Amino acid sequence: MSLIVQKYGGTSVGKPERIQAVAERVKRTVAQGHSVVVVVSAMSGETDRLLGLARAIQNPPSARELDVVLSTGEQVTIGLMAMALEACGVPAVSYTGAQVKILTDTAYNKARIVDIDAAPVREDLALGKVVVIAGFQGVDPNGSITTLGRGGSDTTAVAMAAALKADECQIYTDVDGVYTTDPRIVPEARRLDRITYEEMLEMASLGAKVLQIRSVEFASKYQVSLRVLSSFEDGPGTLITTEENIMEAALISGVTLNRDEAKLTITGVPDRPGIASAILGAIAAANIEVDMIVQNTGADGSTDFTFTVHRNDYDKALAILQQSAATLQARNVTGDRKIVKVSLVGVGMRSHAGIASRAFGALAAEGINIQMISTSEIKISVVVDEKYAELGVRALHAEFGLAGPA
Ligand code: ADP
Ligand code: ASP
Ligand code: MG
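Residues numbered from 1 in each chain as written. Chains lettered and ligands numbered in written order. Predicted model: local features only at pLDDT ≥ 70, side-chain atom pairs only at ≥ 80, totals over all residues. Heavy atoms only, no water.

Asker: Is there a simple way to explain the packing of helix 2 (residues 46–57) against helix 3 (residues 63–87) in this structure?
Answerer: For any two helices packed against each other, the geometry is given by the interaxial angle and the distance between the axes. The geometry of helix 2 relative to helix 3 is characterised by a closest axis approach of 8 Å and an angle of 150 degrees between their N-to-C directions. Taken together, the axis directions place helix 2 and helix 3 in an arrangement best described as roughly antiparallel. Remark: the crossing between helix 2 and helix 3 carries right-handed chirality. Taken together, the residues of helix 3 that come into contact with helix 2 (itself represented by E46, T47, L50, L51 and A54) are L66, V69, L70, T72 and G73. Its residues assigned to classes, the contact of helix 2 with helix 3 comprises six nonpolar, three polar and one charged. (Axes fitted to C-alpha atoms, helices over the stretch in contact; angles between N-to-C directions. Helix = DSSP H or I, 4+ residues; strand = E, 2+ residues; numbered from the N terminus. Parallel < 35°, antiparallel > 145°, perpendicular 65-115°, else oblique. Left-handed = near helix turned anticlockwise from the far one by under 90°. Contact = heavy atoms within 4.5 Å. Nonpolar A, V, L, I, M, F, W, Y, C, P; charged D, E, K, R; others polar.)

Asker: Honestly, the sheet that holds strand 17 (residues 332–336) in this entry has me stumped. Any pointers?
Answerer: Backbone hydrogen bonds are what pair the strands of a sheet, in a parallel or an antiparallel way. Ordered in space as 15-16-14-17, the four strands form an open sheet in which the pairing is antiparallel. Because the sheet does not close on itself, it has two edges, and the strands there are strand 15 (290–297) and strand 17. The average angle at which neighbouring strand axes cross in this sheet is 15 degrees, direction not considered. Bridge count for strand 14 (residues 261–270) against strand 16 (residues 302–310) is eight bridges, and the pairing is antiparallel. (Pairing = 2+ DSSP bridges.)

Asker: Would you take a moment to explain the side chain of Q212 for this structure?
Answerer: Along the polypeptide, Q212 turns up in the loop between helix 7 (197–205) and helix 8 (213–221). You can call Q212 buried: its relative accessible area is 13%. Setting aside residues up to four positions removed in sequence, Q212 forms contacts with L148, G149, R150, G151, G152, D154 and T155. (Buried < 20%, exposed > 50% of the residue type's maximum accessible area, 1.4 Å probe, protein only.)

Asker: How do you make sense of the nonpolar core when you look at a structure like this?
Answerer: Most often, soluble globular proteins have nonpolar side chains that are buried together. Membership of the largest hydrophobic core comes to 45 residues, with the highest contact counts inside it found for V37, V121, I133, M160, C169 and I240. Counting residues per element, this core draws most heavily on helix 6 (residues 153–164), which supplies seven residues. Leaving out residues up to four positions away in the same chain, M160 has contacts with V5, V39, V100, I102, I116, V121 and I133. Core analysis: the second largest hydrophobic core is formed by 24 residues, V255, L344, L396 and L402 among them. (Core = buried A, V, L, I, M, F, W, Y, C linked by side-chain atoms within 4.5 Å.)

Asker: Can you help me understand the packing of aromatic side chains in this one?
Answerer: Geometry of an aromatic ring pair is reported as the spacing of the ring centres plus the angle between the planes. With the rule as written, the count across this model stands at two aromatic pairs. Seen in terms of ring centroids, Y8 and Y172 are 4.8 Å apart; in terms of plane orientation they differ by 10 degrees. Their pairing is stacked. Taken together, the positions of Y8 in strand 1 (residues 3–8) and Y172 in strand 9 (residues 168–173) put the pair 164 residues apart, joining distant regions of the chain. Like Y8, the residue Y172 is buried in the burial classification. Across the ring face of F232, the terminal group of R18 is positioned such that the distance to the ring centre comes to 3.8 Å. (Phe/Tyr/Trp six-rings, centres within 6.5 Å; stacked < 30°, edge-to-face > 60°. Lys NZ or Arg CZ within 6 Å of the ring centre and 35° of its normal.)

Asker: Looking at this structure, how should I read the site of ligand 1?
Answerer: Ligand 1 sits among 17 residues. The nearest are T173, D174, Y179, D182 and R184. With respect to ligand 1, the side chain of K7 contributes an N or O atom lying 3.0 Å from an oxygen atom. A distance of 2.6 Å separates an oxygen atom of ligand 1 from a polar side-chain atom of R184. Contact with the protein chains covers 84% of the free accessible surface of ligand 1, which is 570 Å². (Near = heavy atom within 4 Å. Polar contact = N/O pair within 3.5 Å; in protein donor to acceptor, adjacent residues only side chain to side chain. Areas by Shrake-Rupley, 256 points an atom, 1.4 Å probe, with all protein chains shown as cover.)

Asker: I would appreciate a short explanation of the packing of helix 11 (residues 355–365) against helix 12 (residues 389–399) in the present structure.
Answerer: It is at 9 Å that the axes of helix 11 and helix 12 come closest, and there the two elements cross at 130 degrees. Between helix 11 and helix 12, the interaxial angle falls into the category oblique. Relative to helix 12, helix 11 is oriented so that their crossing is right-handed. Between helix 11 and helix 12, the contacting residues are R358, A359, A362 and L363 on the first element and G392, A395, L396 and E399 on the second. Taken together, the residues that form the contact of helix 11 with helix 12 break down as five nonpolar, one polar and two charged.

Asker: Looking at this structure, I do not really get a nonpolar patch on the surface. What am I missing?
Answerer: Together, V76, L80 and M83 line one region of the surface with nonpolar side chains, adding up to about 270 Å² of accessible area. Tracing the chain through its elements places V76 in helix 3. (Patch = residues over 30% accessible without salt bridge, like charges linked within 9 Å, V, L, I, M, F, W, Y side chains within 5 Å. Salt bridge = Lys/Arg side-chain N within 4 Å of Asp/Glu carboxyl O.)

Put into structure tokens, the structure is as follows:
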């Protein structure tokens, strides 16, 4: 008998019939002799609806009160799910994050899980109950409700699995696994049987929203065996695991697209020590995260500096940069929101040269101009004009032969 944590996302619990279908699936797992903890998201669209309500009253909403509002979405689903389980003859009990308790820090809207009291959950499981837990939420040391950031139910599930030392954490969603790229962009994308934690972490960080980044970090840290599956059909899904568990590493595992960034450039900055620190220090002081950075010295001895930030931070970053430009006597400040980041991920890159030039060649063949490049051991990212987003993903996907059956 094993202990399994199953997480069901918004679409999987989006309607009463879907909740009943999930209850039937849980019932089958219980019938196989397993103990089951179910983590649920809010019904699809609900978190956005709640966010809209909050913004209609106060914009931006108070961070603490926003979490009070947003957490209600999941609270509805746990109650309904426990009812659906009881209705099909499976004893169940629901808990909010605070009831469990999932202790977090006080960073409202993006809290981090600090500790989970697994003992009461174990007691319920020992009594033969299915425990249904609200995803995406916790409670801070002062007793205030917190939420874990969008997509946070994945993290609740993995953290519960780690705390309970579960045998597997299964993430049920509306796709039957992790694909070589978002199947909504490239329908011929291929499901991966296995992918390493490291690659999944890169893919999640670079835009593949199938798993929240923190859930993968958690899974990797606590070696939780994590599987992405469809709640609509049966299948093996995708196992996220260590590199040793993967027989043959693929050269490239996937292509991702990130539409959330914007680009800023400051030109004609005097080229002397401390400039990067002055420019980026001011940005960091405003709590804005910088992603890609490119610096280049021109023939006249001055420096141009380009970097990307989250689109939501663009206006703030631009204003700060304009101030820095005045102080540093820079020539000009420009910005562009209409960019995207397309990335190629694969542990196979470590041992193969020439991947980057092949990728750049494939983009060039489609007439796509590359504005920025950044690479690491297992990824290559390029910034291109927003209008080339899909084309860029398709070009790279085709170049590395990622389409086809699993
Ligand atoms: P849930 O509501 O179940 O948490 P999400 O919408 O958060 O579901 O995540 C599933 C979605 O992630 C899919 O519908 C798919 O469009 C998208 N996605 C993006 N990249 C990938 C990928 N590489 N593999 C699979 N799905 C992906
Ligand atoms: N309901 C939350 C969201 O929409 C958390 C989740 O679904 O994982 O982001
Ligand atoms: Mg999700």
